[in-house]
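One-letter residues, chain by chain:
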Amino acid sequence: MSQTEAPSGKFAATDPFALVRDWLAEATASEINDPNAIALATVSPEGLPNVRMVLLKDIEDDAFVFYTNYESAKAGEILATGKAAFVMHWKSLRRQVRVRGLVEKEDGPAADAYYASRSLASRLGAWASKQSRPLKSRGALMAEVAKVTALKGPNPPRPPHWGGFRIRPVEIEFWADGAHRLHDRFRWTRADPSATEWEVARLNP
Ligand SMILES: Cc1cc2nc3c(=O)[nH]c(=O)nc-3n(C[C@H](O)[C@H](O)[C@H](O)COP(=O)(O)O)c2cc1C
Ligand code: PXP
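Residues numbered from 1 in each chain as written. Chains lettered and ligands numbered in written order. Predicted model: local features only at pLDDT ≥ 70, side-chain atom pairs only at ≥ 80, totals over all residues. Heavy atoms only, no water.

## Looking at the overall build of the protein chain
- Looking only at helices and strands, the protein chain features five helices and eight strands.
- Going from the N terminus to the C terminus, the protein chain shows its helices and strands as α-β-β-β-α-β-β-α-α-α-β-β-β.
- Counting only C-alpha atoms, the protein chain reaches 60 × 35 × 30 Å along its principal axes.
- Each of the 205 residues in the protein chain was classed as buried or not, and the buried ones make up 41%.
- Across the protein chain, contacts joining residues at least 24 apart in sequence account for 63% of those joining residues at least 6 apart.
- Accessible surface, the protein chain as shown: approximately 11300 Å² in total, 53% of it carbon and sulfur.
- Side chains of the protein chain carry 28 positive and 25 negative charges; the gap between the two charge centres is 8 Å. (Helix = DSSP H or I, 4+ residues; strand = E, 2+ residues; numbered from the N terminus. Buried < 20%, exposed > 50% of the residue type's maximum accessible area, 1.4 Å probe, protein only. Contact = heavy atoms within 4.5 Å. Areas by Shrake-Rupley, 256 points an atom, 1.4 Å probe, with all protein chains shown as cover. Lys, Arg positive; Asp, Glu negative; His and termini not counted. Charge placed at Lys NZ, Arg CZ, Asp CG, Glu CD.)

## A closer look at the UniProt feature "domain: Pyridoxamine 5'-phosphate oxidase N-terminal" (unreviewed entry) in the protein chain
- Per the UniProt annotation, the sites labelled "domain: Pyridoxamine 5'-phosphate oxidase N-terminal" (unreviewed entry) are residues 25-150.
- This span, residues 25-150, is 37% helix and 35% strand, and a straight line between its end C-alpha atoms measures 40 Å. (UniProt positions renumbered as here; feature names shortened; annotations may be inferred.)

## Side note on the site of ligand 2
- As a structural note, the neighbourhood of ligand 2 is formed by Leu55, Lys57, Tyr114, Arg118 and Gln131.
- Within the contact set of ligand 2, an oxygen atom lies 2.9 Å away from a side-chain nitrogen or oxygen of lysine 57.
- The contact in question runs from an oxygen atom of ligand 2 to an N or O atom on the side chain of tyrosine 114, over 2.3 Å.
- Isolated, ligand 2 exposes 390 Å² of accessible area, and the fraction of that covered by the protein chains is 53%.
- Tallied by class, residues from the shell around ligand 2 come to two nonpolar, one polar and two charged. (Near = heavy atom within 4 Å. Polar contact = N/O pair within 3.5 Å; in protein donor to acceptor, adjacent residues only side chain to side chain. Nonpolar A, V, L, I, M, F, W, Y, C, P; charged D, E, K, R; others polar.)

## What about the packing of aromatic side chains?
- One pass over the full model with this rule turns up 13 aromatic pairs.
- Centre to centre, the rings of phenylalanine 64 and phenylalanine 86 are 5.3 Å apart; their planes meet at 85 degrees, and the pair counts as edge-to-face. Here the residue phenylalanine 64 occupies a position in strand E3 (residues 64-69), and phenylalanine 86 occupies one in strand E4 (residues 83-90), the gap between them amounting to 22 residues.
- The buried category is assigned to phenylalanine 64, whose relative accessible area is 1%.
- Take phenylalanine 86: its relative accessible area is 4%, and that puts it in the buried class.
- Taken together, Phe17, Phe64, Phe86, Trp188 and Trp198 form an aromatic cluster joined through their ring pairs. (Phe/Tyr/Trp six-rings, centres within 6.5 Å; stacked < 30°, edge-to-face > 60°.)

Here you go:
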């Protein structure tokens, strides 16, 4: 049981995923681009953190999904540790959402459907790019694109090295800017990603 007051106003919710969806919808109306951009943090097996932007493509009832190359640096770190965190920051709203959790692959029908929804050029690009590995030249990449275009045709299947990751959170924090740096913060936590009960606490700014 939390020792702090319950969230109200823009923080009011019974379900943190619904609240992320609501805040993202507001940001979609006010951000200049990529309101679904997240800074995704991973950690190497030696404990060295790493962070980069990706696009959040789905907010499910109980998880967050993004898509990438399974042979990339981020994928290597996720597959080694099973963990990730991300932050979304919307300058137009002066708000952020922070998420920490356990990660699993989404390489089934949802990944196939998402891949199929992308432009043909992006689908072929996913075949051509050996993401995160050294590239001899831009020309070599374009030659690879031409090669896979000829090879895969107009309806390429999803590459086995490309798909989704599903982040199943144990912690979601909502933050909104306050006057004089006296921000509002509410942190939702649960014991593990299969727990349905969340504890919510107001935090000091
Ligand atoms: C706004 C933005 C969105 C991006 N979205 C993705 C994405 O959804 N998936 C992806 O693989 N890379 C995305 N990238 C590229 C990544 O930031 C990164 O360069 C790439 O995934 C390689 O990261 P890694 O070497 O740490 O694996 C995005 C970059 C930016 C700036
Ligand atoms: C390399 C890469 N893969 C995937 C994505 C996800 O976005 P989309 O599926 O819309 O191309 C991005 C977005 O920048 C990207 O840069």
